[in-house]
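Results of the structural survey
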Amino acid sequence: MKFINSFFKTLVQQYDYLIFVFIILLKIYYFSHLTNTVFITLTPLEYLNQFAGWLLNLNEGGQIFEGLILISFGTILLSTFWIIFLKGKLRLIAILVLNIIFSFIILADAVYFRYFGDLISMTVLSQLGQVGDVGESITALFRWSDLLFIIDILLIIPIFFIGYKKDSKSKNKFIPRAVIGLAVLFIGFQLTFIPFNKSMENGGAFQFNKLISNMRVYNFTGLLGFHGADIYRYVNDNYLNKTTYSAEEVKDIDQWLTNENNLLSSEYEGIAEGKNIIILQVEALQNFVINQEINGQVITPNLNKLTQEEVYFDNFYEQTALGRTSDAEFLLNNSLYPTASGSAYMLYAKNEYESLPEKLKQEQYNSTVYHAYNPSFWNRYIIYNQFEIDEFYSKEDFSEGEAIGWSLNDKDMLLESLEDIKSRAQPSYSHLITLTSHHPFEMPEKYETMNLEGYTDYSMRYFRNYINSIHYVDEAVGQFVDALKEEGMWDNTLLLIYGDHSSGLTKDDPAFNAFANTGEEYNYFIEDKRIPLIMHLPGNDQSETINKVGSQIDLAPTIAHLAGIEPSSYWLGSNLLSDAKRQATFRDGSFISDQHAFLAAPDGIYDNGSCFDRQTESEVPVEECREEFNTGIQELRISDKILDGNLIQRIKAMNN
Ligand code: GP9
Ligand code: MN
C-alpha cells in the first residue's frame, strides 16, 4: 500500500516531463503543418479510438500507422525517458536544455525546408558554407510565426521554478521513479519500432536503404527519427565502420588509375573544341523502340532520323543501380560506378570529385543542369557543388506550364532550357534531364496518339503507356532539334542523346516480351540494359552506326576527347570513338562485351553465372567469361574504394 501510494505520488510528480513531451510533440506537429508534410489525418478522438483498439488487440489499428504520430511520440520518449530518473535542479536544467536543443533542431529544419524542401542532414552540416549563396538569404527565410517554436522556452522557466520548489520538499523515491522511467523507455521503444518495422516490411526497407531523399526517410521515421537514423548512419560510416586505406594502398590505386587509362585517339578528336555542349538525358529511353514500328506507325520518327544522320551507337548500355536517374548522372559526371546499395548522390555527397563539368571549367566552360523537379531530390543541390556545376535550373526556375506525370512536360521543359542556354556565355555545357516518360508513363488522353490496337489488355498497360510516352518525348526531342537549327546553333553544338536507364518493363510483361523479343534469358538481359546513344558532332556530315560495345561510364572520356581536353585519370571509362578494348560492366558483376555476355547469378558465385557467346547467342562454358569478369570486378572494386575512402582527395594531397 505504501509503495502504491508513493508510486502514484511519483507519477503525479512527472507532470513537468509530460508537459515537456507534449510541447515537443506540438512543435513537431507544427513543423509538419508548416511544411505540408505527412502527419495524422484522423481527428484526435478518432485517433484515440483506433489507438485503444490497436493496443487492446481489437483491430489492426490500420490508420494509426498513417502519418507520424506514433513514431513522433515514441522517438521523444525514447530520447528523453532518462529525465524521469533526475530530480531537483538537475532535472529542471535537463528539461530546459533538451527543450532548447529540440526546438532549435525543429526550427532550423523548418527554415531550411522553406528554401531547399529538405531536412538538415549530417551531410549538410558537414559542408556548411558550400551550400551555395543561401547564407545571406537565411534571415529572409525567417517568419514571425517561427517564434512559436521557441516562445515556450521563455514562458516555461517560471513554471518550472514553482514546480521545482514544491518537488524539493517531497521525498522522491528511487524505485517508483525507476519503474516509471523504464516503463516510459519501453513505451517509447514500442511506439518507435512497431510502426518503423511495419513500414520497413511494407516496402519501406527499400526506400530506407535506397536513400532517394531525406524526405522519403522522414516519411516513415518522423522528424526526430530521421535525425536519429541520419546521425547513426553518419557515425557508423565515418567512425565505427570506417575502412582505412593505407598510404601504400592509395599509391597502388593511383598507379593503377594512371596505367588503366586507355584513351586512344580518333579522327574526331577535338571536333567540338570551344563549342557548346548539350547532353540530353532522356528518362527511361530504351533502345528497343528505336527504328521500330507498331501497328504500322513509327514510334520514334525524330530519334530515328538522328540515328540515320548522325553518329549512332546501337550496342550501348546503361549501368545504373538503385540510384536510377542519379546513377546515370553520376556515371556521366564522374565516369565511376554507382554504389551497390543506396545511391552515391546521397552516400558520398561530400567527397572530392574530378567531374566532367570541372574539367570543362578549366577550359572556360560554364555548366548548368536543367531538370524540372525539386532540387533536393536525389540530393542534387548538394552534390552538384562537389561536381563544380555552376547552376541548377530546377523546378522553381521553370515556368508553370502544363504538368504531365511528375512535372512540367518535356516539350516546354526542353524549349525553356534552350532559351536559357542561349543566354549563357559561350562555351557552355548543359545537361538536360527529362522527366515526362517516368514510370508509370501516364499522360492525359489527348497525348496518347498512338493506335495501339491489340495492346488493350490490362496486363499491357505499362507497355501501352510507355509507347505513347516515348512517342511524345520523341516529338519533344524533334522540336528541340528544330529549335537548335532555327537558332543557328546546330552546327556549333555537340549534342548527345541517351537514355538514363531501363523502363522497368519486365520479363513478365507479355506485350513487351513479344514486341522486343525478350522471351529468352539472353535477349532480355541485353535488351533490358540497351539504350540508344546518339551524337551530333559539330561540323561533321557523315553518319555512322557504331556497333562496338560502350556504356555510360565511357561518356565523360568521350566528351572530353571531342572537346579536345585532357580526361581525368580518375575516370574509369574510355573513349567510345577509339578502338580501345571495352566492356559494359554492371553493378552485380554481369557484363556485356563484343564477344561475351555474362549474367551473374543472384548468389554472387561466379560459377553459378551464365556465359553467352554474343555471335551465336548461345550459352558457353562459364570459364570463357572469367577474364572479362575479373576485369570488371577489379574496376568495380577500385571505384568503390575511391568513393568509400574519398581517395581522389587523398591522392591529390599525396601527389602535392
Ligand atoms: C526525379 C527523377 C526521378 O528527379 O530523377 O527519376 P528516377 O530516379 O525515379 O528514375
Ligand atoms: Mn530516371
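Bear in mind the structure is a predicted one, so any value in this text is a computation, not a measurement.

A tally of helices and strands in the protein chain yields 23 helices and 19 strands. Across the 656 residues in the protein chain, those meeting the buried criterion constitute 57%. Surface summary for the protein chain: the accessible area is close to 29300 Å², and the carbon and sulfur share equals 55%. Of the charged side chains in the protein chain, 48 are positive and 83 negative; the average position of the first set lies 17 Å away from that of the second.

Before going further, it helps to examine the site of ligand 1. Taken together, E283, R324, T325, H371, Y373, F377, W378, R380, W406, L435, H438 and H501 form the complete shell of residues around ligand 1. H371 is positioned such that a nitrogen or oxygen atom in its side chain is 2.6 Å from an oxygen atom of ligand 1. Here H501 contributes a side-chain N or O atom positioned 2.9 Å from an oxygen atom of ligand 1. When ligand 1 sits alone it has 300 Å² of accessible area, and the protein chains cover 95% of it.

In this section: the pairing of strand β10 (residues 428-433). Among the 6 residues in β10, 6 count as buried, and that is most of the element. The alternating pattern of β10 places S428, S430 and L432 and Y429, H431 and I433 on opposite faces, both of which are buried. Two strands pair when backbone bridges link them, and strand β1 (residues 276-282) and β10 are joined in this way by 5 bridges, in the parallel orientation. Residue pairing for β10: I278 is matched across the bridge by S430. One ladder, built from 5 bridges, connects strand β6 (residues 366-370) with β10; its direction is parallel. By the bridge assignment, T368 is partnered in β10 with S430.

Attention now goes to helix α5 (residues 88-116). In this model α5 runs 42 Å from its N-terminal to its C-terminal C-alpha over 29 residues, within 8% of the 42 Å that 1.5 Å per residue would give. Immediately beyond the C-terminal end of α5, within one or two residues, lies G117, with a positive phi of roughly 60°.

Listed as buried for helix α23 (residues 647-655) are L647, I648 and I651. Burial along α23 is one-sided: seen end-on, the buried residues are contained in an arc of 105°.

Looking now at the sheet that holds strand β13 (residues 544-546). Taken together, the 8 strands give an open sheet; going across it, the order is β7-β6-β10-β1-β11-β12-β4-β13, and neighbouring strands pair in mixed fashion. Each end of this open sheet is capped by a strand with a single partner; those strands are β7 (391-393) and β13. Each strand axis lies, on average, 15° off the axis of its neighbour in the sheet, ignoring direction. Against the sheet, helix α17 (residues 410-422) contacts β1, β6, β7 and β10, and its axis sits at roughly 165° relative to β10.

The strand order across the open sheet built from 5 strands is β15-β16-β17-β18-β19, with neighbouring strands paired in antiparallel fashion. Where the open sheet ends on each side, the last strands, each with one partner, are β15 (584-585) and β19 (619-620). Two strands pair when backbone bridges link them, and strand β16 (residues 591-592) and strand β17 (residues 596-599) are joined in this way by 2 bridges, in the antiparallel orientation. Among the inter-strand pairings, F591 is bridged to a residue of β17, identified as F598. Contacts from helix α20 (residues 521-529) reach β16, β17 and β18 (610-613), with the element oriented near 95° to β17.

We now examine the domain arrangement of the protein chain. As far as domains go, the protein chain holds domain 1 (2-205) and domain 2 (271-579). Put simply, the middle of domain 1 and the middle of domain 2, counted by C-alpha atoms, are 45 Å apart. Opposite the 12 residues of domain 1 that make contact, domain 2 presents 9 residues. Between domain 1 and domain 2 the total buried area reaches about 780 Å² when both faces are included, carbon and sulfur atoms providing 45% of it. At the junction of domain 1 and domain 2, the tally comes to 0 salt bridges. Where domain 1 meets domain 2, there are 3 residue pairs in polar contact (both at pLDDT 80 or more). Of all elements in the fold, only α5 and α6 (122-126) reach the threshold of two or more residues within the side of domain 1 that touches domain 2.

For the coordinates displayed, the defined rule picks out 1 disulfide. One disulfide in the model links C611 with C625; its S-S distance is 2.0 Å. Since a negative S-S torsion denotes a left-handed disulfide, the C611-C625 link at about 80° is right-handed. Here C625 lies in the loop between β19 and α22 (626-644) and C611 lies in strand β18, a separation of 14 residues in the sequence. The two residues C611 and C625 agree in class, both being buried.

Let us look at the coordination of the manganese ion (ligand 2). The protein atoms donating to the manganese ion (ligand 2) are E283 (OE), E283 (OE), T325 (OG1), D500 (OD) and H501 (NE2), with metal-donor distances spanning 2.1 to 2.6 Å. Every donor counted, the 6 donor atoms about the manganese ion (ligand 2) form angles of 54 to 159° at the centre, which fits irregular coordination. Each donor residue of the manganese ion (ligand 2) belongs to the same chain, and together they define the spacing E-x41-T-x174-D-H. Residue T325 is found in helix α13 (residues 324-334), and its partner D500 is found in the loop between β11 (493-499) and α19 (510-516); the two are separated by 175 residues along the sequence. Residue D500 is classed as buried on the basis of its relative accessible area, which comes to 1%.

UniProt marks residues 15-32, 64-85, 92-113, 141-162 and 174-196 with the feature "transmembrane region" (unreviewed entry), using the numbering shown here. Structurally, residues 92-113 is divided into 100% helix and 0% strand, and its ends, taken at the C-alpha atoms, are 31 Å apart. Measuring from the first to the last C-alpha atom of residues 174-196 gives 32 Å, for a span that is 100% helix and 0% strand.

Reading guide: rules and limits
- Residues numbered from 1 in each chain as written.
- Chains lettered and ligands numbered in written order.
- Predicted model: local features only at pLDDT ≥ 70, side-chain atom pairs only at ≥ 80, totals over all residues.
- Heavy atoms only, no water.
- Helix = DSSP H or I, 4+ residues; strand = E, 2+ residues; numbered from the N terminus.
- Buried < 20%, exposed > 50% of the residue type's maximum accessible area, 1.4 Å probe, protein only.
- Areas by Shrake-Rupley, 256 points an atom, 1.4 Å probe, with all protein chains shown as cover.
- Lys, Arg positive; Asp, Glu negative; His and termini not counted.
- Charge placed at Lys NZ, Arg CZ, Asp CG, Glu CD.
- Near = heavy atom within 4 Å.
- Polar contact = N/O pair within 3.5 Å; in protein donor to acceptor, adjacent residues only side chain to side chain.
- Pairing = 2+ DSSP bridges.
- Expected span 1.5 Å × (residues − 1).
- Arc of directions from axis to C-beta.
- Axes fitted to C-alpha atoms, helices over the stretch in contact; angles between N-to-C directions.
- Contact = heavy atoms within 4.5 Å.
- Domains from an automatic or database assignment.
- Buried area = accessible area lost by both parts, 1.4 Å probe.
- Salt bridge = Lys/Arg side-chain N within 4 Å of Asp/Glu carboxyl O.
- Disulfide = S-S within 2.5 Å.
- Donors = N, O, S within 2.8 Å, 3.2 Å for Na, K, Ca; no water.
- Tetrahedral: all angles 85-135°; square planar, octahedral: opposite > 155°, others 65-115°.
- UniProt positions renumbered as here; feature names shortened; annotations may be inferred.

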